Protein chains: 2
Amino acid sequence: MLRPEHCLRLLPAATPAFVGASAPFSCPLPGGGAIRLRHPRARTPRLRGEPSSVMRASAGPDAVASAPEMPQREVVRALAEQAVARLGPRLLPSAVPDDVAEFRNGAGNAVGSLDVRRGAPGSSIDFMLQSSLHCKVPNGAIDITSILIFLNCMTDAPHFLLELIQGSPTSIVVVLDLLPRKDLAFHPDYLQKYYENSRMDEQRAKIDELPQVRPYRSPSLFVRCACSPTAVMVSIDCGQGGEGTLEEIVRGQLAMVAKEVLQFWLDCCADSTTKMDNTERDFLLKRDQIVRSKSIEVDLTANLPMMFDPDVSSRVISEIRKAFGVQEA
Amino acid sequence: MLRPEHCLRLLPAATPAFVGASAPFSCPLPGGGAIRLRHPRARTPRLRGEPSSVMRASAGPDAVASAPEMPQREVVRALAEQAVARLGPRLLPSAVPDDVAEFRNGAGNAVGSLDVRRGAPGSSIDFMLQSSLHCKVPNGAIDITSILIFLNCMTDAPHFLLELIQGSPTSIVVVLDLLPRKDLAFHPDYLQKYYENSRMDEQRAKIDELPQVRPYRSPSLFVRCACSPTAVMVSIDCGQGGEGTLEEIVRGQLAMVAKEVLQFWLDCCADSTTKMDNTERDFLLKRDQIVRSKSIEVDLTANLPMMFDPDVSSRVISEIRKAFGVQEA
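Owing to the predicted nature of the structure, the values given are computational and were not obtained by experimental measurement. (Residues numbered from 1 in each chain as written. Chains lettered and ligands numbered in written order. Predicted model: local features only at pLDDT ≥ 70, side-chain atom pairs only at ≥ 80, totals over all residues. Heavy atoms only, no water.)

Q: Just to check I follow, could you spell out the packing of helix α10 (residues 278-298) of chain A against helix α12 (residues 310-324) of chain A for this structure?
A: Pairs of packed helices are described in terms of their axes, by the angle between the two and the distance that separates them. Residues and elements named next belong to chain A. At a minimum axis separation of 10 Å, α10 and α12 run at an interaxial angle of 165°. On the basis of their axis angle, the class for α10 and α12 is roughly antiparallel. Where α10 crosses over α12, the handedness of that crossing is right-handed. Contacts from Arg292, Ser295 and Ile296 of α10 reach α12 at Ile320, Arg321, Ala323 and Phe324. In terms of residue class, the contact of α10 with α12 is built from four nonpolar, one polar and two charged. (Axes fitted to C-alpha atoms, helices over the stretch in contact; angles between N-to-C directions. Helix = DSSP H or I, 4+ residues; strand = E, 2+ residues; numbered from the N terminus. Parallel < 35°, antiparallel > 145°, perpendicular 65-115°, else oblique. Left-handed = near helix turned anticlockwise from the far one by under 90°. Contact = heavy atoms within 4.5 Å. Nonpolar A, V, L, I, M, F, W, Y, C, P; charged D, E, K, R; others polar.)

Here it is in structure tokens:
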């Protein structure tokens, strides 16, 4: 069975450390997917399979025309719609340049997309980031789709995060979490409010109890300890011939759980404001900055250049840094 | 297969929430085991099977004479010897009263032991706590053995912790960790020093890769987030007829890994001192206090009285509070 880390080893110059250090979760890995719901400029979905002008301009003879439609993208798209429907004007229009909104490597075997919408002034939303990657490798393809909705320092409520990393048609790695912004061992009240009272662990268990599911342990210790104790952090492996089963799980239980987690987040986190004195707010800000910087450091700056030409990867990283609000080290 | 939580459900008045909330890890659950290596007073091991005067005095006609010798107790005993040999005079003699050093419930079906040795003045050791529980239940017995070595605020290095919870002759729950004293997501340097550079994850993997091993997910979210990302937190289940296999694993791979983790801790944590300004030290102290109080709250005060008579459990809890340096809420 091909696992994401195996696939990624096949990428030019990719090291075995790539996935896990990079993919789940802290990797807001930009990536392929011509099927993007919200094109940053047009604001209307492009038709399936219709390549963008950026793609047409840069694609070589062996190029991937577009990322294939697949359940992981449907799930993320549905979540983005759910969030946009609820957040409405609290999300500003996308401000990502065209050549970051969609990009590809020189060989044309990898296409990526990134969309970032900042929160409107006065809202607790910092940004919503969607990214997608489709990369052909000798034995198949790897597909990574992510949605992150981060909050600013008007609240200490957790961020929302989903990453789906698929290295074969029969297996997928899932990281779904309300990403904590406080030290949970030090703040039992915070743990209780967002993780115990919300019964998040029951959502996690719905995925965990599937027979095809195994825990996914990121090789990055940082990723492991940045996530909450109710994070869905699993590998779903349906075995040979299990393509249909995997699709059913992704469209079924996974989509349902992700939707319910997002619904809780929209109801209890997205609009929240937290009373904090200056010291508390400074502390929260500092923690946010460290977590964000560390995410980018262990992932993108080390790994994106392995998959995309330097000018492309630096453009993309620069936009992600801008969204994350962190400067180059 | 009988699992610890099933066994504990059979205890008088025990709720399903007992194990998991209480047992791993935060439960320095005092408990059975007449085979105690270091009797707090005598300082010489009692002969196997020889009941103490406390036991003889209180045992009823159906009473458990002593906790059976078993591999989990051998492992903890060997670790205690390893620690004592290294720490030497940095550990004071035990100061636990006789009726806490060994105790039992009125029905005599449960015996417990607790030993606490404080660190000598000027050392970084706060205390070493060993505890053991043996409790007969209708379908067998439950055995819990723990060793915790906690540091004081002269250092911010992690504590050492091992808990073994056995609900049947063929299965055991293991929690082995260098318990972090800082928010690891906020302190990547601390994560690197104690968990990455120490290659703790390789130790964890040695246990995780055994075919009989499954991840153990404590029902207590607090327990999950208080542990490090390299904690061994597993259930080892050898299935019907697997008594011998379990014994081999406990005496073999588990003993070896626990010994190596303790060795690293003795080499790099036990003697360490950390330069901190007053604010940092106050913060560390506060975090320590919250984690310790929360441990006792979710475990002992709620659960010990279900297994032992009120006077016994309050005596034992009081000694553990004293060791932990936390007052009754």
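That was the structure; now back to the text.
Q: I'm lost on the pairing of strand β5 (residues 159-168) of chain A in this one. Help?
A: Each regular strand carries side chains that alternate between the two faces of the sheet. Residues and elements named next belong to chain A. Among the ten residues of β5, ten are classified as buried, and the element is accordingly described as predominantly covered. Here strand β4 (residues 140-151) runs beside β5; their pairing, made up of seven bridges, is antiparallel. Looking across to β5, one finds that serine 146 is bridged to glutamate 163. The pairing of β5 with strand β6 (residues 171-179) spans nine bridges and is classified as antiparallel. Across the sheet, glutamine 166 pairs through a bridge with isoleucine 172, a residue of β6. Counted between consecutive antiparallel strands, the loop separating β5 from β6 contains two residues. (Buried < 20%, exposed > 50% of the residue type's maximum accessible area, 1.4 Å probe, protein only. Pairing = 2+ DSSP bridges.)

Q: What exactly am I supposed to notice about the sheet that holds strand β3 (residues 125-137) of chain B here?
A: Adjacent strands of a sheet pair through backbone hydrogen bonds, lying either parallel or antiparallel. Residues and elements named next belong to chain B. The eight strands are arranged β1-β2-β3-β4-β5-β6-β8-β7 in an open sheet whose pairing can be described as antiparallel. Sheet topology places β1 (102-104) and β7 (213-215) at the edges, where each strand pairs with a single neighbour. Adjacent strand axes in the sheet meet at a mean angle of 15°, parallel and antiparallel pairs treated alike. Inspection of the sheet shows β3 paired to strand β4 (residues 140-151) by twelve bridges, in the antiparallel sense. Bridged to leucine 129 within β4 is leucine 148. With respect to the sheet, helix α4 (residues 71-87) is in contact with β2 (110-118), β3, β4, β5 (159-168) and β6 (171-179), its orientation differing from that of β4 by roughly 15°.

Q: Explain the packing of helix α4 (residues 71-87) of chain A against helix α9 (residues 243-268) of chain A here, please?
A: Residues and elements named next belong to chain A. Close contact between α4 and α9 brings their axes to 10 Å; oriented N to C, the two are set at 20°. One element, α4, and the other, α9, form an angle in the roughly parallel class. Considering only the axes of α4 and α9, their crossing is right-handed. Counted together, Pro71, Gln72, Glu74, Val75, Leu79, Gln82, Ala83, Arg86 and Leu87 of α4 and Glu247, Val250, Arg251, Ala255, Ala258, Lys259, Leu262, Gln263, Leu266 and Asp267 of α9 form the full contact between these two elements.

Q: Would you explain α9 of chain A in this entry?
A: Residues that lie three or four places apart on an α-helix share one face, since the helix turns once every 3.6 residues. Residue and element names in this part refer to chain A. In this model, α9 (26 residues) spans 36 Å end to end at C-alpha, consistent with the 38 Å of a helix rising 1.5 Å per residue. Alanine 255 marks where α9 bends most, by close to 35°. Taken together, the buried positions of α9 are Leu246, Ile249, Val250, Leu254, Val257, Ala258, Val261, Leu262, Phe264, Trp265 and Leu266. (Expected span 1.5 Å × (residues − 1). Bend = angle between axes of the 7 residues up to and from the residue.)

Q: What am I meant to see in the sheet that holds β6 of chain A here?
A: Residues and elements named next belong to chain A. One open sheet holds the eight strands; their spatial order is β1-β2-β3-β4-β5-β6-β8-β7, and the pairing between them is antiparallel. The two strands at the open ends of the sheet, each matched to only one other strand, are β1 (102-104) and β7 (213-215). Geometrically, the sheet is characterised by an average inter-axis angle of 15° between neighbouring strands, direction not taken into account. Note: β7 against strand β8 (residues 232-237), three bridges, orientation antiparallel. Within the sheet, the bridge partner assigned to proline 215 lies in β8 and is valine 234. Sitting on the sheet, α10 is in contact with β3 (125-137), β4 and β5, with an inclination near 170° to β4.

Q: Is there a simple way to explain the interface of chain B and chain A in this structure?
A: Note on interface size: it is often stated as the accessible area lost on association of the parts. Across the contact, 26 residues belong to chain B and 26 residues belong to chain A. Note on chain B versus chain A: buried area summed over both sides is about 2500 Å², and carbon and sulfur give 70% of it. Looking at the side of chain B facing chain A, the largest losses of area belong to Ala185, Phe186 and Leu221 of chain B, adding up to 26% of the total buried there. Scanning the region where chain B abuts chain A turns up six salt bridges. One can count eight residue pairs in polar contact (both at pLDDT 80 or more) joining chain B with chain A. Looking at the side of chain B that touches chain A, the elements with two or more residues in it are α6 (188-196), α7 (200-208), α8 (221-226) and α10 (278-298) of chain B. Along the lines of polarity and charge, the residues of the side of chain B that touches chain A split into 15 nonpolar, one polar and ten charged. (Buried area = accessible area lost by both parts, 1.4 Å probe. Salt bridge = Lys/Arg side-chain N within 4 Å of Asp/Glu carboxyl O. Polar contact = N/O pair within 3.5 Å; in protein donor to acceptor, adjacent residues only side chain to side chain.)

Q: Any chance you could explain the relation of the copies chain B and chain A here in plain terms?
A: Copy one and copy two of the chain differ by a rotation about an axis and a translation along that axis. Of the transformation placing chain B onto chain A, the axial shift is 0.0 Å and the rotation is 180°, giving an RMSD of 0.0 Å. The transformation relating the two chain copies, once decomposed into turn and shift, fits a two-fold axis. Identified as the residue of chain B closest to the rotation axis by C-alpha distance is aspartate 183 of chain B, at 2.7 Å. (Least-squares fit on C-alpha atoms with pLDDT ≥ 70 in both.)

Q: Explain the confidence of the model for chain A to me, please; I cannot follow it from the model alone.
A: In low-pLDDT regions, the fine details of the predicted coordinates are not to be read closely. Here chain A shows a mean pLDDT of 81. Residues at 70 or above account for 78%. Contacts from residues 1-59 of chain A, a stretch scored under 50 in pLDDT, to residues over four places away or in other chains number 184 contacts. (pLDDT = per-residue confidence, 0-100.)

Q: What exactly am I supposed to notice about the pairing of strand β8 (residues 232-237) of chain B here?
A: Residues and elements named next belong to chain B. Here β8 lies mainly inside the structure; five of its six residues are buried. Pairing between β6 and β8: six bridges, direction antiparallel. From the neighbouring strand, isoleucine 172 faces β8, where its bridge partner is isoleucine 236.

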